[in-house]
Amino acid sequence: MASLKLSAPSSQWIAGERSLDRRSRILTAAPRRRVAVGPIRAGSYTDELVQTAKVIASPGRGILAIDESNATCGKRLASIGLDNTEANRQAYRQLLLTTPGLGEYISGAILFEETLYQSTTDGKKFVDCLRQEKIMPGIKVDKGLVPLPGSNSESWCQGLDGLASRCAEYYKQGARFAKWRTVVSIPCGPSALAVKEAAWGLARYAAIAQDNGLVPIVEPEILLDGDHPIERTLEVAEKVWAEVFYYLAENNVVFEGILLKPSMVTPGAEHKEKASPEMIAKYTLKMLNRRVPPAVPGIMFLSGGQSEMEATLNLNAMNQAPNPWHVSFSYARALQNTVLKTWQGRPENVVASQKALLDRAKANSLAQLGRYSAKGESEEAKTGMFQKGYTY
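Thresholds applied
Residues numbered from 1 in each chain as written. Predicted model: local features only at pLDDT ≥ 70, side-chain atom pairs only at ≥ 80, totals over all residues. Heavy atoms only, no water. Axes fitted to C-alpha atoms, helices over the stretch in contact; angles between N-to-C directions. Helix = DSSP H or I, 4+ residues; strand = E, 2+ residues; numbered from the N terminus. Parallel < 35°, antiparallel > 145°, perpendicular 65-115°, else oblique. Left-handed = near helix turned anticlockwise from the far one by under 90°. Contact = heavy atoms within 4.5 Å. Nonpolar A, V, L, I, M, F, W, Y, C, P; charged D, E, K, R; others polar. Buried < 20%, exposed > 50% of the residue type's maximum accessible area, 1.4 Å probe, protein only. Phe/Tyr/Trp six-rings, centres within 6.5 Å; stacked < 30°, edge-to-face > 60°. 1 Å grid on protein atoms, 1.4 Å probe; cavity = no way out; pocket = protein on both sides within 12 Å on 5 of 7 lines; lining within 4 Å. Points joined across faces, edges and corners; volume = space filled by probe spheres on them. Salt bridge = Lys/Arg side-chain N within 4 Å of Asp/Glu carboxyl O. Core = buried A, V, L, I, M, F, W, Y, C linked by side-chain atoms within 4.5 Å. Arc of directions from axis to C-beta. Pairing = 2+ DSSP bridges. Right-handed = clockwise from strand over helix to strand, strands pointing away.

Visitor: Explanation requested: the packing of helix H10 (residues 277-291) against helix H11 (residues 308-318) in the structure shown.
Guide: Describing two packed helices takes the angle between their axes plus the distance from one axis to the other. Running from N to C, H10 and H11 point in directions that differ by 55°, and their axes come no closer than 8 Å. Here H10 lies oblique to H11, going by the angle between them. The element H10 and its partner H11 pack so that their crossing is right-handed. Side by side, H10 and H11 meet where Pro277, Glu278, Ile280, Ala281, Thr284 and Leu285 of the first sit next to Leu313, Asn314, Ala317 and Met318 of the second. Of the residues assigned to the contact of H10 with H11, the class counts are 7 nonpolar, 2 polar and 1 charged.

Structure (structure tokens):
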């Protein structure tokens, strides 16, 4: 079988949009030559990757994201008057990861590196706590956002250097899927350079993760910042996901062994008109149907600063009719906000906090099945959590 030698994108960039249709016309017009075509493979892990993705994308279940960096976790702890110490971070994560019955609603948990290697105060590894509940352990593998030179004050995600060896070590520690988050800002353009950089980085990460046994979550977050209408968000989302899937294919990523973590298609957070869950579902599903192959097993939405109830209502609206993929959640703040405020760092509040987590997880489980009702939701669950320029 002929092999294709891939190279990194050129540093030269011609501004402007390049649609997939245009690429198709170019490829069609090119002289034809006989090429041996074989199946795309992800090394020796292909079957395992496909099975892992299917387990995570199982009916009525979604992902608990607790992969905040130590600095961001410190901000959460400070909101309830706690210092940012390893002991306090461990106590909070223990509360979450040892919640009895969590596996009924949660199929995967994304961890920060520190958490992957931590244990409970009784010496039980957090990874084993998750396995006991039949929850897949996952790991954040990117190294954060830095300014992108030559762009319109935009960012790019670093972390490809040494990624293969890190993924191999995480696999040995028990992780079975990975997450890489990059962002696209609508108020900043987005520039063609930023979109291409985001797509290429995600594709290289995905290929490396699969080669080392980890199912990659592909997350180009389109930030809520801005006052743009929902139509503009749809336009940008379609552009971004077209670019992402182009480079995923270029890097021979196995689509059946990935998960997506997209933003919902909503108006900008500062837009004068608020969209209903039905409108958000309509525009989001339109984008997914236009851009995401049905081979992808799961769409695990991020909440992006929506209130707990908003995130659940929007997910529920998207599951009122069958979809080609498992449409579910990968929430951080939208699962943890009430939990953290209930806990307040006090041991006597642990049981009540774990009940709050189960209640929130169950609500989103019902939303994944299209059966959620907002009746009886607390005022806290209705509180928005959008922060302009939010960083992890």
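Visitor: Looking at this structure, I do not really get unusual backbone geometry. What am I missing?
Guide: Generally, phi is negative for residues other than glycine and the peptide bonds are trans, each holding for most cases. With omega at -10°, the peptide bond leading from Gly189 into Pro190 counts as cis. In this structure, Pro190 sits in the loop between strand E6 (177-184) and helix H8 (192-211). At Lys134, a residue that is not glycine, the phi angle is positive and equals roughly 60°. With respect to the helices and strands, Lys134 occurs in the loop between helix H6 (126-132) and strand E3 (136-140). For Lys134, a relative accessible area of 65% translates into the label exposed.

Visitor: Any chance you could explain the packing of aromatic side chains here in plain terms?
Guide: The way to describe two aromatic rings as a pair is by their centre distance and the angle between their planes. This structure, assessed with the given rule, holds 8 aromatic pairs. Arranged with centres 5.4 Å apart and planes meeting at 90°, the rings of Trp200 and Tyr247 form a pair that is edge-to-face. Of the two residues, Trp200 sits in helix H8 while Tyr247 sits in helix H9 (residues 230-250), which places them 47 residues apart along the sequence. Overall, the relative accessible area of 11% leaves Trp200 in the buried class. Grouped by ring-pair contacts, the aromatic residues Trp200, Tyr246 and Tyr247 constitute a single cluster.

Visitor: I keep staring at empty space enclosed by the protein and nothing clicks. Help me out?
Guide: Vacant regions in the atomic arrangement are exposed by a probe of water-molecule size rolled over the atoms. For the structure shown, the criterion picks out 4 cavities of 30 Å³ or more. Of the voids in this model, the largest cavity is the one considered here, and its volume is about 110 Å³. Grouping the constituent residues of the lining of the largest cavity by class yields 7 nonpolar, 7 polar and 1 charged.

Visitor: Can you walk me through the pattern of salt bridges in this structure?
Guide: Two side chains of opposite charge can pair, provided their charged atoms sit close to one another. Evaluation of the coordinates by the stated rule reveals 14 salt bridges. In this structure, Arg89 engages Glu114 in a salt bridge whose closest nitrogen and oxygen atoms are separated by 2.8 Å. Note that Arg89 is positioned in helix H4 (residues 86-97) and Glu114 in helix H5 (residues 113-116), a separation of 25 residues in sequence. Glu114 shares its class with Arg89; the two are buried. Salt-bridge contacts for Arg181 lead to Glu221; the nearest nitrogen and oxygen are separated by 2.7 Å. One end of the pair, Arg181, is in strand E6; the other, Glu221, is in strand E7 (residues 215-222), with 40 residues separating them in the sequence. Its relative accessible area of 6% is what places Glu221 among the buried residues.

Visitor: Just checking my understanding: could you explain the nonpolar core for this structure?
Guide: With 106 residues, the main nonpolar core has Tyr205 and Leu248 as its most contacted residues. In contact with Leu248, other than residues within four places in its own chain, are Leu202, Ala203, Ala206, Val218, Val253, Phe255 and Ile258.

Visitor: Would you mind showing me how to read helix H2 (residues 46-56) here?
Guide: Where H2 is concerned, the buried positions are Thr46, Leu49, Thr52, Ala53 and Ile56. Angularly, the buried residues of H2 cover 130° about the axis, an arc narrow enough to put them on a single face. Facing away from the buried side of H2, by more than 90 degrees, are the exposed residues Asp47 and Lys54.

Visitor: How should the side chain of Gln336 be read in this particular structure?
Guide: Considering the arrangement of structural elements, one finds Gln336 in helix H12 (residues 333-343). With sequence-adjacent residues up to four places away left out, Gln336 is seen in contact with Leu64, Ala65, Ile66, Glu68, Arg76, Tyr92, Leu96 and Glu308.

Visitor: Teacher, can you tell me more about the side chain of Thr182 here?
Guide: Locating Thr182 in the fold gives a position in strand E6. The exposure class of Thr182 is buried, given its relative accessible area of 2%.

Visitor: So what exactly am I meant to see when it comes to the pairing of E6 here?
Guide: Working note: regular strand, side chains alternate between the two faces of the sheet. Where burial is concerned, most of E6 is hidden: 8 out of the 8 residues are buried. With burial as the criterion, each face of E6 is covered, one bearing Phe177, Lys179, Arg181 and Val183 and the other bearing Ala178, Trp180, Thr182 and Val184. Bridging between E3 and E6 involves 3 bridges; their strand directions are parallel. Bridging across to E6, Ile139 finds its partner in Ala178. With 8 bridges joining them, E6 and E7 adopt parallel strand pairing. Considered in E7, the bridge of Ala178 is made with Pro216. Note on the crossover from E6 through H8 to E7: the handedness is right-handed.

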